[in-house]
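Here is how the chains run, residue by residue.
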Amino acid sequence: MGFFEVFWHGEAIGDGSDLDEALTAYLAVQPEEGSWAAACADAQAQPCVRRYASFEAYLDNADELETIPVTAAMIEAALLRII
């Protein structure tokens, strides 16, 4: 089972056992004004998710298997599923 760590402005803001769950961490940094498209367009935002082989691999400081760039559409779709 994989494990995902979520980043916004270079800081880890959450995690999850699957990609959809991990993407809901962006709720914590939801823009008060404007849209996710505008927020993600900020060059400093750099939204991404790091995928690890497992939670244990993450805890053991293993290298991530991949870094997944996150788009505004991905965030919006994940948040719609929980609202």
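Being a predicted model, the structure only gives us computed values, none of them experimental. (Residues numbered from 1 in each chain as written. Predicted model: local features only at pLDDT ≥ 70, side-chain atom pairs only at ≥ 80, totals over all residues. Heavy atoms only, no water.)

S.K.: Lay out the overall build of the protein in plain terms, naming residues and giving numbers.
M.R.: Secondary structure summary: the protein contains four helices and four strands in total. Computed over C-alpha atoms, the radius of gyration of the protein comes to 13 Å, within 12% of the 12 Å expected from 2.2 N^0.38 for 83 residues, which places it in the range of a compact globule. Dimensions of the protein, computed from the C-alpha atoms along their principal axes, are close to 40 × 25 × 15 Å. Per-residue burial for the protein yields a buried fraction of 34% across its 83 residues. The long-range share in the protein, meaning contacts at least 24 apart out of those at least 6 apart in sequence, stands at 49%. Of the roughly 5000 Å² of accessible surface on the protein, 51% is carried by carbon and sulfur atoms. (Helix = DSSP H or I, 4+ residues; strand = E, 2+ residues; numbered from the N terminus. Rg over C-alpha atoms; globule rule 2.2 N^0.38 Å. Buried < 20%, exposed > 50% of the residue type's maximum accessible area, 1.4 Å probe, protein only. Contact = heavy atoms within 4.5 Å. Areas by Shrake-Rupley, 256 points an atom, 1.4 Å probe, with all protein chains shown as cover.)

S.K.: Go over the pattern of salt bridges, please, and point to the residues and values.
M.R.: With the rule as written, the count across this model stands at two salt bridges. Here Asp20 makes a salt bridge to Arg81, at a shortest N to O gap of 2.8 Å. Of the two residues, Asp20 sits in helix α1 (residues 19–23) while Arg81 sits in helix α4 (residues 72–82), which places them 61 residues apart along the sequence. Residue Arg81 is classed as exposed on the basis of its relative accessible area of 52%. (Salt bridge = Lys/Arg side-chain N within 4 Å of Asp/Glu carboxyl O.)

S.K.: Describe the sheet that holds strand β2 (residues 11–16), with residues and values.
M.R.: With antiparallel pairing, four strands are arranged side by side in an open sheet as β2-β1-β3-β4. Looking along the sheet, the strands with just one partner apiece sit at the ends: β2 and β4 (66–69). The mean inter-strand angle of the sheet, taken between neighbouring strand axes irrespective of direction, is 25°. Sheet analysis places strand β1 (residues 3–8) next to strand β3 (residues 48–52), joined by five bridges and oriented antiparallel. Bridge pairing in β3 places Phe3 opposite Tyr52. (Pairing = 2+ DSSP bridges. Axes fitted to C-alpha atoms, helices over the stretch in contact; angles between N-to-C directions.)

S.K.: Could you give me a rundown of the packing of aromatic side chains, with the residues and numbers involved?
M.R.: Evaluated as defined, the whole model comprises seven aromatic pairs. Where Tyr52 meets Tyr58, the ring centres are 5.4 Å apart and the plane angle is 70°; that geometry is what we call edge-to-face. Residue classification places Tyr52 among the buried positions, given a relative accessible area of 5%. A relative accessible area of 23% places Tyr58 in the partly exposed class. Each residue in the set Phe3, Tyr52, Phe55 and Tyr58 is aromatic and connected to the rest through ring pairs, giving one cluster. Over the ring of Phe7 we find Arg50; its NZ or CZ atom is 4.2 Å from the centre of that ring. (Phe/Tyr/Trp six-rings, centres within 6.5 Å; stacked < 30°, edge-to-face > 60°. Lys NZ or Arg CZ within 6 Å of the ring centre and 35° of its normal.)

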